[in-house]
Amino acid sequence: MFAPMEGGSAGRRGGSTRSNESSKWDYVKTFYTDQAKWDFVKSVAFFGVAELNEEHTRILTARNPQAAENIIRYSYKDRIYKPIPHVDQLAVHYQMDSNLINKDSDDAKRQVTVDTATEGVEVGTASVGTDAETATKEGEDEDEDKPKKTAGAGGKGKKLTNQFNFSERASQTYNNPCRNRETFVEQTPRAVFTDNVSQWSIFDAYNEDFEQQQKLKEKESKKHTLKKDDDRKKKFVPSDQQAGDEFAKFVRSKTANISLKILERMINLNTFDDIAQDFKYWEDAADEYREQQGSLLPLWVFQYDMVKKLSCTNLAWNTQYPDLFAASFGSYDFLKQSRGMFLIYSLKNPSFPENMFPTDSGVMSLDFHPKHPNLLCCGFYDGSVAVYNIADENKRPKYQSTARSGKHTDPVWQVRWQKDDLDSNLNFYSVSSDGRVVCWTLVKSDLMYTDIVQLKLDKPTTETDEGVPLTTLGCGTCFDFNKQQDYLFIVGTEEGKIHKCSKSYNNQFLDTFDAHHMAVYAVRWNTYHPKIFASCSADWTVKIWDINYKDPLFVYDLGSAVGDVNWAPYSSTVFAACTADGKVFVFDLNVNKYEPLTEQIVVQKKRTKLTHITFNHQFPILLAGDDRGNITTLKLSPNLRKKPKVKKGQEVPEGPEAENAKLDKILALIRDPDAAKNKPTTQGATTTS
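Residues numbered from 1 in each chain as written. Predicted model: local features only at pLDDT ≥ 70, side-chain atom pairs only at ≥ 80, totals over all residues. Heavy atoms only, no water.

- Per an unreviewed UniProt entry, the protein is named Dynein intermediate chain 1, axonemal, and its organism is Adineta steineri.
- Under the Subcellular location (unreviewed entry) heading, UniProt states for the protein: "Cytoplasm, Cytoskeleton, Cilium axoneme". (UniProt positions renumbered as here; feature names shortened; annotations may be inferred.)

Pasting the structure below:
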């Protein structure tokens, strides 16, 4: 086995001859008697010489090839993502916790002395073992050169634990590798504040603040003045006035206004807590025992001292905020015309309006824009119309019509927003007693008008002494646009007629209905059905019409002048009406086609007339305004808003198509099938209650 090493080294030096080399091989061959073993050893020796002669090169670098070089992290200082310049290049190939120490160190010597003291025996050297003595004869020459260690005569060897072949039971379990994940997070500032708010605490806080201000002013006055006590008291008078002025400025500021509104709402929540609970959770338990009857629960009553002597002329819910509504106030009496006002109320604060807009003339109508909840159009008793921005601190209108811009000559009884025109300009319509239906367009800073329809009477024209023919115009009182076909609208007049009109035809009506014997106060298209509308009048009646029939489908006599009628937004068969004797009627054609489900007096005083009524689009409540400036909130019981019964296993149909089908099913029982096929304008059946 030594021949390859010597042969390889001699070959590299190049100083030996072939004869010397062969003699060495002969000498080695004497140790192997078997020819097969000798051939194997010789082949291995030649291959070992070839491998030793081969040179291998390795380049060691300090970089870790497994480390990532494209780590990107967000820098909060520069507000951009940056690459990390320095990456940890340390690679750990092997790591083991051990308790071995160098035997020549002080710790090892100290440990040896402790062990000898406990055992009482001197520590001897460890014997090498008998394995070396049983080695083969071939390695005896090499083993003779190695030193041998024997144990002492009187010593006893101590068995040490093999640190490379030792394991404990606790180390046999598999430990999951730990992974670290880091991120940069800015700490969120926090503040905790708790306090009890009441009227007394607010009053005490204001008094303490006022006293501190007085003390500071007294200290400043003592430093700058050296006069007598009487003179000082006189000088304190203007300082008190100045403090009052500063307090008044603070109260009028925006921050104080917002803070006071929040405090006011908090106090109202405690004051009207029982009403708020009824608004959210009350359900009339008696409805389970009565199938075709319901009830109305009065909730809040909105009052304001400045409008006590005025009538509520119109009500409108905001299209985006379901708790916000507007109420207009004026006078229907021609001899008692003075000022007007419209108020913005919120259900969150029933004690005081959110905003007030006083006007020089009575406000007879208003309407919120369906897409811009801050825009409100109004019609006045003097014939003018205006557009307000209720979010603006300035209480003046943004647009207003004048005599030069084509304003009406009589009161404007109703206004209604419509879709934008082809130039994307906002526009709304108005109807007045002067017989005109006008379209008003907002163009930059001007209010442009266009006459859509003139309500002409069917009477023949009269001639004056000069021979000039005079055409008499009807007096428009109300109108409404079709929900599905916005070009189609109906107009009610003081003569009791209802005209079917179109935006495309200015000179004539599409149809005329002899609806009532007295003035028509309101006309309303059905929320879902495109052919059904309702009307109410001073002749005590509410009528349900089909646009294709001359006669009404249903007629209800309510015993007093009907001020307003309105369809429910959640059902095609439910509508409500209010009368001059202070009653509210709620009908459901799907439950009872002849009588109302509820008839309830909601006014607080006698001889109080209800003027207008409207449903909320989200909550099961409605508003009723009277001629004393009060607005009452009423909640509908479950029987007034329940869905039709279906068979077990069937789903309740929902959506506009289901509502139309429900109403068509009821109307099919009233209409004459033969008349509907042959003559749509012939008289149909009429149901009178």
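1. Examining the overall build of the protein
Part 1 of the argument: A count of helical and extended segments in the protein gives 11 helices and 33 strands.
Part 2 of the argument: Carbon and sulfur atoms form 51% of the exposed surface of the protein, whose accessible area is close to 46500 Å². (Helix = DSSP H or I, 4+ residues; strand = E, 2+ residues; numbered from the N terminus. Areas by Shrake-Rupley, 256 points an atom, 1.4 Å probe, with all protein chains shown as cover.)

2. Examining the sheet that holds strand 7 (residues 355-359)
Part 1 of the argument: If you trace the four strands from one edge of the open sheet to the other, you get 4-5-6-7, paired in antiparallel fashion. Of all the strands in the sheet, just strand 4 (311-317) and strand 7 have a single pairing partner and so form its edges. Within the sheet, the average angular offset between the axes of one strand and its neighbour, ignoring direction, is 15 degrees.
Part 2 of the argument: Direction of pairing for strand 4 relative to strand 5 (residues 324-330): antiparallel, over a ladder of six bridges. Bridge pairing links Cys 312 to Phe 329 in strand 5. (Pairing = 2+ DSSP bridges. Axes fitted to C-alpha atoms, helices over the stretch in contact; angles between N-to-C directions.)

3. Structural notes on the confidence of the model for the protein
Part 1 of the argument: With 77% of its residues at a pLDDT of 70 or more, the protein shows a mean pLDDT of 79.
Part 2 of the argument: This stretch, residues 1-16, has a pLDDT under 50; its non-local contacts, to residues over four places away or in other chains, come to 13 contacts.
Part 3 of the argument: Confidence drops under pLDDT 50 across residues 234-240; counting only partners more than four residues distant or on other chains, this segment forms six contacts. (pLDDT = per-residue confidence, 0-100. Contact = heavy atoms within 4.5 Å.)

4. A few points about the packing of aromatic side chains
Part 1 of the argument: As enumerated under the stated definition, the model contains 29 aromatic pairs in all.
Part 2 of the argument: Here Phe 481 and Phe 489 contribute two aromatic rings whose centre-to-centre distance is 5.1 Å and whose plane-to-plane angle is 40 degrees, an arrangement assigned as tilted.
Part 3 of the argument: On the basis of relative accessible area, Phe 481 is assigned to the buried category, the value being 4%.
Part 4 of the argument: With relative accessibility at 0%, the residue Phe 489 sits in the buried group.
Part 5 of the argument: Connected via pairs of aromatic rings, a cluster forms that spans Phe 554, Tyr 556, Trp 567, Phe 575 and Phe 587.
Part 6 of the argument: Over the ring of Phe 357 we find Lys 395; its NZ or CZ atom is 5.6 Å from the centre of that ring.
Part 7 of the argument: Taking the ring centre of Phe 513 as reference, the NZ or CZ of Lys 550 above it sits at 5.7 Å. (Phe/Tyr/Trp six-rings, centres within 6.5 Å; stacked < 30°, edge-to-face > 60°. Buried < 20%, exposed > 50% of the residue type's maximum accessible area, 1.4 Å probe, protein only. Lys NZ or Arg CZ within 6 Å of the ring centre and 35° of its normal.)

5. A look at empty space enclosed by the protein
Part 1 of the argument: The full count for this structure, using the stated rule, is one cavity of 30 Å³ or more.
Part 2 of the argument: Taken as a whole, the largest cavity encloses approximately 40 Å³ of empty space.
Part 3 of the argument: Considering the residues around the largest cavity, the lining is formed by Val 301, Val 602, Val 603, Gln 604, Asp 626, Asn 630 and Thr 632.
Part 4 of the argument: For the lining of the largest cavity, the residue count by class is three nonpolar, three polar and one charged. (1 Å grid on protein atoms, 1.4 Å probe; cavity = no way out; pocket = protein on both sides within 12 Å on 5 of 7 lines; lining within 4 Å. Points joined across faces, edges and corners; volume = space filled by probe spheres on them. Nonpolar A, V, L, I, M, F, W, Y, C, P; charged D, E, K, R; others polar.)

6. Structural notes on the sheet that holds strand 9 (residues 375-380)
Part 1 of the argument: Strand order in the open sheet formed by four strands is 8-9-10-11, with antiparallel pairing between adjacent strands. Of all strands in the sheet, those bounded by a partner on one side alone are strand 8 (363-368) and strand 11 (399-400).
Part 2 of the argument: Pairing analysis gives two bridges linking strand 10 (residues 385-389) to strand 11, with the strands arranged antiparallel. Each bridged residue has a counterpart across the sheet, and for Val 387 the counterpart in strand 11 is Tyr 399.

7. Digging into the pattern of salt bridges
Part 1 of the argument: If you walk through the whole model with that rule in mind, you get 18 salt bridges.
Part 2 of the argument: For Lys 398, the salt bridge is made with Asp 392, and the minimal N-O distance between the two is 2.6 Å.
Part 3 of the argument: One connected set of salt bridges, linked through shared partners, spans Lys 261, Arg 265 and Glu 354. (Salt bridge = Lys/Arg side-chain N within 4 Å of Asp/Glu carboxyl O.)

8. As for helix 10 (residues 656-667)
Part 1 of the argument: Spanning 12 residues, helix 10 covers 16 Å between terminal C-alpha atoms, matching the ideal 16 Å at 1.5 Å per step.
Part 2 of the argument: Listed in full, the buried residues belonging to helix 10 are Ala 658, Glu 659, Asn 660, Lys 662, Leu 663, Ile 666 and Leu 667.
Part 3 of the argument: In this fold, the buried residues of helix 10 make contact with strand 23 (532-537) and strand 25 (554-557). (Expected span 1.5 Å × (residues − 1).)

9. Observations concerning unusual backbone geometry
Part 1 of the argument: If you check the backbone angles, Ser 424 has positive phi at about 60 degrees while not being a glycine.
Part 2 of the argument: Structurally, the position occupied by Ser 424 is in the loop between strand 12 (412-418) and strand 13 (427-432).
Part 3 of the argument: For Arg 607, which is not a glycine, the phi torsion comes out positive at approximately 60 degrees.
Part 4 of the argument: Mapped onto the fold, Arg 607 is located in the loop between strand 29 (598-601) and strand 30 (610-615).

10. Describing the state of the cysteines
Part 1 of the argument: With the rule as written, the count across this model stands at zero disulfides.
Part 2 of the argument: The thiol sulfur of Cys 478 is not disulfide-bonded, and the nearest other cysteine sulfur, from Cys 536, lies at 7.3 Å.
Part 3 of the argument: For Cys 478, a relative accessible area of 1% translates into the label buried. (Disulfide = S-S within 2.5 Å.)

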